[in-house]
Amino acid sequence: MSQTPYVYRIKNIITGHFYYGCKYAKNCSPDTFWKEYFTSSKTIAEMLIEYPPKLWDTKIIKIGGTPSDVL
């Protein structure tokens, strides 16, 4: 699998809280977002305990480029 950096947004549909993040690690792919990879944010990880993934709206904002591009 090749590296495909991307930027994403997740929004809690109950609270309205949202988070923008990016993934640029080796072997990353937007195809795994919200299936295998959720986020590296500790705050969001804690919120996922109370609000499961189905209660979040997700969107890929940008795909591709270099790690610097998505940062």
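Residues numbered from 1 in each chain as written. Predicted model: local features only at pLDDT ≥ 70, side-chain atom pairs only at ≥ 80, totals over all residues. Heavy atoms only, no water.

Novice: Talk me through the side chain of Ser 41; I want residue IDs and the actual numbers.
Specialist: By secondary structure assignment, the location of Ser 41 is in the loop between strand S2 (18-23) and helix H1 (42-50). Residue Ser 41 is classed as buried on the basis of its relative accessible area, which comes to 12%. In this structure the side chain of Ser 41 is engaged in a polar contact, spanning 3.4 Å, whose partner is the backbone nitrogen of Thr 43. (Helix = DSSP H or I, 4+ residues; strand = E, 2+ residues; numbered from the N terminus. Buried < 20%, exposed > 50% of the residue type's maximum accessible area, 1.4 Å probe, protein only. Polar contact = N/O pair within 3.5 Å; in protein donor to acceptor, adjacent residues only side chain to side chain.)

Novice: Go over a nonpolar patch on the surface, please, and point to the residues and values.
Specialist: Taken together, the side chains of Phe 18, Tyr 20 and Ile 61 define a hydrophobic patch exposed on the protein surface, amounting to about 350 Å² of accessible area. Position of Ile 61 among the secondary structure elements: in strand S3 (residues 56-63). (Patch = residues over 30% accessible without salt bridge, like charges linked within 9 Å, V, L, I, M, F, W, Y side chains within 5 Å. Areas by Shrake-Rupley, 256 points an atom, 1.4 Å probe, with all protein chains shown as cover. Salt bridge = Lys/Arg side-chain N within 4 Å of Asp/Glu carboxyl O.)

Novice: Please provide a residue-by-residue account of the sheet that holds strand S1 (residues 6-12), values included.
Specialist: One open sheet accounts for three strands, arranged S2-S1-S3; its pairing is antiparallel. The open sheet has two edge strands with one neighbour each: S2 and S3. For this sheet, the mean inter-axis angle between neighbouring strands, taken without regard to orientation, is 20 degrees. As paired elements, S1 and S2 share six bridges and run antiparallel to each other. Across the sheet, Lys 11 pairs through a bridge with Phe 18, a residue of S2. (Pairing = 2+ DSSP bridges. Axes fitted to C-alpha atoms, helices over the stretch in contact; angles between N-to-C directions.)

Novice: Any details on the side chain of Asn 12? Residues and values, ideally.
Specialist: Looking at the element boundaries, Asn 12 is found in strand S1. From its side chain, Asn 12 meets the backbone nitrogen of Thr 15 in a polar contact 2.7 Å long. Discounting chain neighbours no more than four positions away, the residues touching Asn 12 are His 17, Tyr 51, Leu 55 and Trp 56. (Contact = heavy atoms within 4.5 Å.)

Novice: Give me the pattern of salt bridges: which residues, what numbers.
Specialist: Under the criterion given, the structure shown has one salt bridge. Here Asp 57 ties to Arg 9 by a salt bridge, and the two come within 2.4 Å at their closest N and O atoms. Taken as a pair, Asp 57 in strand S3 and Arg 9 in strand S1 lie far apart in primary sequence, 48 residues in all. What makes Asp 57 partly exposed here is its relative accessible area of 37%.

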